[in-house]
Amino acid sequence: MACKVGIPRALLYYRFSRLWPVFFEKIGYEVKISDETNKATIDRGAASVVDEVCLPVKIFFGHLDWLSDCAVDYLFVPRIVSIEKKAYICPKVMGLPDMAAAAKKDYPPLISPLINNIGGEKDEEYIRELSPYFSCGKKRLKQAWLEAKKEQTRYDHTISKELWIKEGLKDNDSEVLNVLVLSHCYVAHDRYLNMNLLEKLNEARCRVILPENISDEFLEREVRGLKKRPFWTYGKQLLGSAFWFSRMPGRKGAIILTTFGCGIDSFIGNMAERHFKKAGIPYLIITLDEHTGQAGLETRVEAFLDMLRWRRKHYENNFPPYGEYLDTATRDAGIHRAYSCCTSYDK
Amino acid sequence: MLEYIGLTVVVPPMTSKRTIVLGTQYAPEFACLPLKINIGNFIEAKEHGADTFLMAGGVGPCRFGLYGQLEAEILGELGIDYDALIIEPPDKGIWQFVRRVRKITGSASWLRVLQGIHLGYRKACCIDSLERVVESVRPRERAEGTADRIFKQALSTIDRANNNTELEEAAGLARQKLQHIPQNEDMDVLKIGLVGEIYTLLEPFASGDVERKLGRMGAHVVRSIYLSDWVNGHLLGGFFRRKGQEEYKNYAKPYLNHFVGGHGIESIGAGVFFANNGFDGIIHIAPLTCMPEIVAHCIFPKVSEDLDIPVMTIYLDEQAGEEGLNTRLEAFVDLLARKREARETYRAI
């Protein structure tokens with residue numbers, strides 16, 4: 001019988017949602033991914049770690065807890081130090097396996113390879129890290145790893161080009177607003193955590209742009225102007241997309257979506273906020289925690305969108321300030337053009 | 001060190017309630033306490049006429065690495081005109097660091113700069129070794145507060161020292177004075193290890209004076225971090241080699257197997273080291289939302305259970321009430337005393 005490995009649907013799972021499951025399937029493991037976050041997940045997580053950790057980590061532990069009741073043989077909790085050159089993830093993510101080992105509950109054995117790309121990406125090193133955990137040969141691991149990576153790249157390629165837009169929302173609808181949601185991927189895609197914010201925005205006829213929609217090359221170029229490059233992957237992504245977004249033409253707004261206790265956002269969010277203030281872009285800061293009520297969030301978002309629409313009506317006259325690009329939708333061509341010249345994903 | 005090379009140094013007034021109020025007003029809400037105090041310090045230094053601020057940098061993953069940048073932004077927005085000089089750690093060796101220092105020092109000669117650095121470092125070492133003496137004297141002294149007074153005086157004489165001889169003299173004198181404080185030799189003193197984030201460990205105001213309070217409650221406190229360790233390790237890239245220095249991070253396995261930025265791994269390592277060396281308890285202090293120390297906090301229960309040593313974590317923020325802290329410390333010290341008593345009774349049987 002194949003071994004069953006549990007992958008918590010939290011934190012960087014959202015970034016590598018193809019890589020890890022595909023890898024385990026290729027080497028013949030049965031993969032169990034935990035269900036989407038719900039109330040019970042947060043409660044279980046909050047009960048199993050100290051109070052001071054941030055909400056996403058609590059959710060992570062909630063998922064671990066849920067998985068450990070599912071009769072899995074292993075839990076996959078990688079130690080992710082860095083996923084790209086010269087940028088870390090976050091101290092808490094680095095310490096996850098140790099935090100899990102010290103938790104009150106006894107979890108199934110952990111598979112926790114070290115993933116550190118701080119000095120550049122090296123496949124050989126991963127394989128060396130992974131091999132003690134598996135009985136199969138390095139050759140097979142490598143093959144599985146490469147295939148999984150290919151799958152992940154293909155997936156990244158599709159999402160990077162796809163804006164979060166509801167079907168039926170016409171691209172040339174002049175009422176459509178562009179809203180940048182500045183958040184880490186595990187906050188933006190966790191529908192329970194962010195109370196379905198992205199879909200709500202869609203329903204309110206907004207085109208949602210996430211940092212992951214913007215190609216890495218652009219982000220890298222944007223943060224190069226800073227005196228000091230942020231040394232966190234998410235810091236770079238968020239700041240870069242804030243700069244990039246403020247340069248795109250048209251009326252627009254940004255939502256800084258962060259979680260309570262996020263150390264990176266306390267700095268980066270503040271820097272982005274300053275930038276938006278200077279650039280004259282309306283922004284809304286939403287801090288999510290265990291207790292947020294839906295209605296409060298909805299009211300704030302609605303008010304924000306009303307304000308954006310009001311601004312557009314009052315600040316824009318009938319003379320096209322951007323020449324031929326009269327309405328928002330056409331101006332977004334700027335965005336789409338940005339994608340069509342992005343080549344890094346095609347490799 | 002900077003005065004040695006001919007610059008005027010404005011030392012901001014001692015951190016006070018006002019510093020924290022100023023800092024919290026302008027710093028991001030969820031930023032850690034050291035940033036808030038830093039900003040307050042800089043604003044107060046400006047009031048005393050400083051025009052350039054000097055800040056250490058870093059390359060993560062702890063937030064400290066971005067302090068300088070964020071502070072420059074915040075102060076700039078307040079209309080406080082500062083030149084920011086940010087010393088990044090010498091990640092490419094000592095020479096890069098020297099070059100940066102060069103930028104600060106301007107026309108001073110290389111030799112003088114190096115001498116200045118060396119003197120500054122020596123001062124830090126002297127102060128640290130005196131502090132260790134103070135820590136052991138404090139719980140035993142007959143007249144409360146003597147050691148602290150001598151130490152305070154020593155700080156100013158050491159600060160005034162202009163060369164190695166003067167420094168040696170000042171430090172030697174202070175050490176002698178400290179050793180001659182009348183002490184209660186046969187007192188039963190608890191040993192407590194103080195671990196955690198560097199700023200809250202070193203700045204008495206930020207930590208609510210935990211170290212002194214514990215000393216007065218009759219505990220010999222040993223810190224995991226002293227200033228000279230940090231200056232050498234972080235700023236100078238381990239330029240000065242030290243013998244017999246305990247590398248706390250080597251003790252962190254198997255509890256924490258990878259560095260997590262800041263002093264997370266040192267906290268755990270020092271905790272394990274203290275536990276193995278007959279300490280009675282560990283107090284772990286950190287600013288609220290400190291990322292590396294949260295990891296350490298999550299792991300400490302395991303250390304505590306495995307090595308049978310009580311651990312208390314104290315988070316500090318701008319709202320720390322003094323009495324609450326006192327109560328917690330007293331209760332912890334009582335608990336340790338009880339535990340020791342019980343152990344000794346057991347041994348007697």
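Everything discussed here concerns the structure shown above.
The model shown is predicted, which means the values in this text are computed figures rather than measured ones.

Colleague: Quick rundown of the overall build of chain B? Include the residues and the values.
Modeller: Helix and strand counts for chain B come out as 13 helices and six strands. Considering only contacts in chain B between residues 6 or more positions apart, those separated by 24 or more positions represent 74%. Accessible area of chain B: about 16600 Å², with a carbon and sulfur share of 52%.

Colleague: Pulling in residues and values, what's your account of the interface of chain B and chain A?
Modeller: Where interface size is quoted, it is often the accessible area lost as the parts come together. Between chain B and chain A, the residue contacts involve 38 residues of the former and 31 residues of the latter. Between chain B and chain A, the buried area comes to about 3200 Å², and carbon and sulfur atoms account for 72% of it. At the junction of chain B and chain A, the tally comes to two salt bridges. Of the charged contacts in the structure, one is a salt bridge between Arg-274 of chain A and Glu-73 of chain B, with a shortest N-O distance of 3.9 Å. Among the elements of the structure, helix 3 (67-77) and helix 12 (291-307) of chain B are those that each provide at least two residues to the side of chain B that touches chain A. With eight residues, helix 12 of chain B is the single largest residue contributor to the side of chain B that touches chain A. Residues of the side of chain B that touches chain A, tallied by class, amount to 25 nonpolar, eight polar and five charged.

Colleague: Could you give an account of the sheet that holds strand 5 (residues 110-111) of chain A, naming the residues involved and the relevant values?
Modeller: All names here are of chain A. Across the sheet, which stays open at both edges, the four strands sit in the order 2-1-3-5 with parallel pairing between neighbours. Each having just a single partner strand, strand 2 (30-33) and strand 5 make up the two edges of the open sheet. Bridge analysis of strand 1 (residues 4-7) against strand 3 (residues 74-76) gives two bridges, and the strand direction is parallel. For Val-5, the partnering residue across the bridge sits in strand 3 and is Tyr-74.

Colleague: Describe the sheet that holds strand 3 (residues 190-196) of chain B, naming the residues involved and giving the relevant values.
Modeller: Residues and elements named next belong to chain B. Across the sheet, four strands lie side by side as 4-3-5-6; this open sheet has parallel pairing. Every other strand in the sheet has two partners, leaving strand 4 (219-223) and strand 6 (311-316) as the edge strands with one partner each. If you compare each strand with its neighbour and ignore which way they point, the axes differ by 25° on average. Sheet topology places strand 5 (residues 281-287) next to strand 6; six bridges connect them, and they run parallel.

Colleague: Before we move on, can you summarise the packing of helix 1 (residues 17-26) of chain B against helix 2 (residues 33-47) of chain B with the specific residues and values?
Modeller: The geometry of a pair of packed helices is captured by two quantities: the angle between their axes and the separation between those axes. All names here are of chain B. Between helix 1 and helix 2, whose axes approach to 7 Å, the crossing angle comes to 110°. With respect to each other, helix 1 and helix 2 are oriented roughly perpendicular. Read as a crossing pair, helix 1 and helix 2 show a hand that is right-handed. In this structure, helix 1 contributes Arg-18, Thr-19, Ile-20, Leu-22, Gly-23, Thr-24 and Tyr-26 to the contact, and helix 2 contributes Lys-36, Ile-37, Ile-39, Gly-40, Asn-41, Ile-43, Glu-44 and Glu-47. Broken down by class, the residue content of the contact of helix 1 with helix 2 amounts to six nonpolar, five polar and four charged.

Colleague: Can you break down the nonpolar core residue by residue, with the values?
Modeller: One finds Phe-23, Phe-24, Phe-61, Phe-134 and Leu-201 of chain A to be the most contacted residues of the largest nonpolar core, which totals 156 residues. Excluding residues within four positions of it along the chain, Phe-134 of chain A makes contact with Phe-23, Phe-24, Ile-27, Tyr-29, Ile-111 and Leu-141 of chain A. One finds Leu-201, Val-221, Met-312 and Val-333 of chain B within the second-largest nonpolar core, a separate group that totals 28 residues.

Colleague: Can you explain unusual backbone geometry? Please cite residues and give values.
Modeller: All names here are of chain A. Non-glycine residue Leu-11 carries a positive phi angle of around 45°. Inspection of the secondary structure puts Leu-11 in the loop between strand 1 and helix 1 (19-26). A positive phi angle is found at Met-195, which is not glycine, with a value near 55°. Tracing the backbone through its elements, the reader meets Met-195 in the loop between helix 8 (185-188) and helix 9 (197-203).

Colleague: Tell me about the pattern of salt bridges, and please be specific about residues and values.
Modeller: Opposite charge on two side chains lets them pair, provided their charged atoms get close. For the structure on display, the rule yields 31 salt bridges over all chains. Residues Arg-79 of chain A and Asp-98 of chain A are paired through a salt bridge, measuring 2.9 Å at the closest nitrogen-oxygen approach. Here Asp-98 of chain A lies in helix 5 (residues 96-101) and Arg-79 of chain A lies in strand 4 (residues 79-82), a separation of 19 residues in the sequence. Each of the two residues, Arg-79 of chain A as well as Asp-98 of chain A, counts as buried. By sharing partners, the salt bridges in this structure join Arg-138, Glu-144, Asp-148, Asp-209, Arg-212 and Arg-216 of chain B into a single network.

Colleague: I'd love a proper account of the packing of aromatic side chains, names of residues and values included.
Modeller: Residues and elements named next belong to chain A. Tallying each qualifying case throughout the model produces 23 aromatic pairs over all chains. Judged by centre distance (6.0 Å) and plane angle (55°), the rings of Phe-24 and Phe-134 are tilted. Here Phe-24, found in helix 1, pairs with Phe-134, found in the loop between helix 6 (123-130) and helix 7 (138-161); they are 110 residues apart in sequence, far enough to count as distant. Phe-134 carries the same exposure label as Phe-24, and that label is buried. Relative to Tyr-283, the ring of Phe-276 has its centre 6.2 Å away and its plane inclined at 25°; by these criteria the two rings are stacked. An aromatic cluster of at least three residues, connected via ring pairs, comprises Phe-16, Trp-20, Phe-23, Phe-24, Tyr-29, Tyr-74, Phe-76, Tyr-126, Phe-134 and Trp-145. Geometry around Phe-218 places Arg-221 over its ring, the cationic atom sitting 5.3 Å from the centre. Above the face of the Phe-245 ring, Lys-252 is positioned so that its terminal group lies 5.4 Å from the ring centre.

Colleague: Explain helix 1 of chain B to me, using residue names and the numbers behind them.
Modeller: Residues and elements named next belong to chain B. Every buried residue belonging to helix 1 is among Thr-19, Ile-20, Leu-22 and Gly-23, and all of these are buried. With its buried residues spanning 165° around the axis, helix 1 presents them on a single face. For helix 1, exposure combined with an orientation more than 90 degrees from the buried face picks out Lys-17 and Gln-25. In this structure, the buried residues of helix 1 make contact with helix 2.

Cut-off values and rules
- In every chain, residue numbers begin from 1 and rise along the written sequence.
- Working convention: letters from A go to chains and numbers from 1 go to ligands, in the order in which they are written.
- Note on the predicted model: pLDDT of at least 70 is required for a residue's local features to be given, and 80 or more for side-chain atom pairs to be given and counted; whole-chain, interface and lining totals, by contrast, use all residues.
- Excluding hydrogens and water, the side-chain values take into account all heavy atoms of the structure.
- To qualify as a helix, a DSSP run of H or I must reach at least 4 residues; to qualify as a strand, a run of E must reach at least 2; elements of each kind are numbered from the N terminus.
- Here a residue-residue contact requires only that any non-hydrogen atoms of the pair lie within 4.5 Å.
- Working definition of accessibility: Shrake-Rupley area with a 1.4 Å probe, residue cover restricted to the visible protein chains.
- As used here, buried area is the combined drop in accessible area, with a 1.4 Å probe, of two parts when they are placed together.
- Each reported salt bridge corresponds to a side-chain nitrogen of Lys or Arg within 4 Å of a carboxyl oxygen of Asp or Glu.
- Each residue is assigned to one of three groups, with Ala, Val, Leu, Ile, Met, Phe, Trp, Tyr, Cys and Pro labelled nonpolar, Asp, Glu, Lys and Arg labelled charged, and all others, Gly among them, labelled polar.
- Any two strands between which DSSP finds at least two bridges are classified as paired.
- Interaxial angle, 0 to 180 degrees, is taken between N-to-C directions of lines fitted to C-alpha atoms, where a helix line uses only the stretch in contact.
- Here the angle decides the label: under 35 degrees means roughly parallel, over 145 means roughly antiparallel, 65 to 115 means roughly perpendicular, and every other value means oblique.
- Here a crossing is taken to be left-handed if its near helix is turned anticlockwise relative to the far helix by less than a right angle, and right-handed if that turn runs clockwise.
- Grouping buried Ala, Val, Leu, Ile, Met, Phe, Trp, Tyr and Cys residues that are joined through side-chain atoms within 4.5 Å yields what is termed a nonpolar core.
- Burial classes: relative accessible area under 20% of the type maximum marks a residue as buried, over 50% as exposed, and values in between as partly exposed (1.4 Å probe, protein chains only).
- Under the pairing criterion, centres of Phe, Tyr and Trp rings, with the six-membered ring standing for Trp, must be within 6.5 Å; the plane angle then separates stacked pairs below 30 degrees from edge-to-face pairs above 60, leaving the rest tilted.
- Look at NZ for Lys and CZ for Arg. If either is within 6 Å of the ring centre and within 35 degrees of the ring normal, a charge sits over the ring.
- Directions from the helix axis toward the C-beta atoms define the arc.

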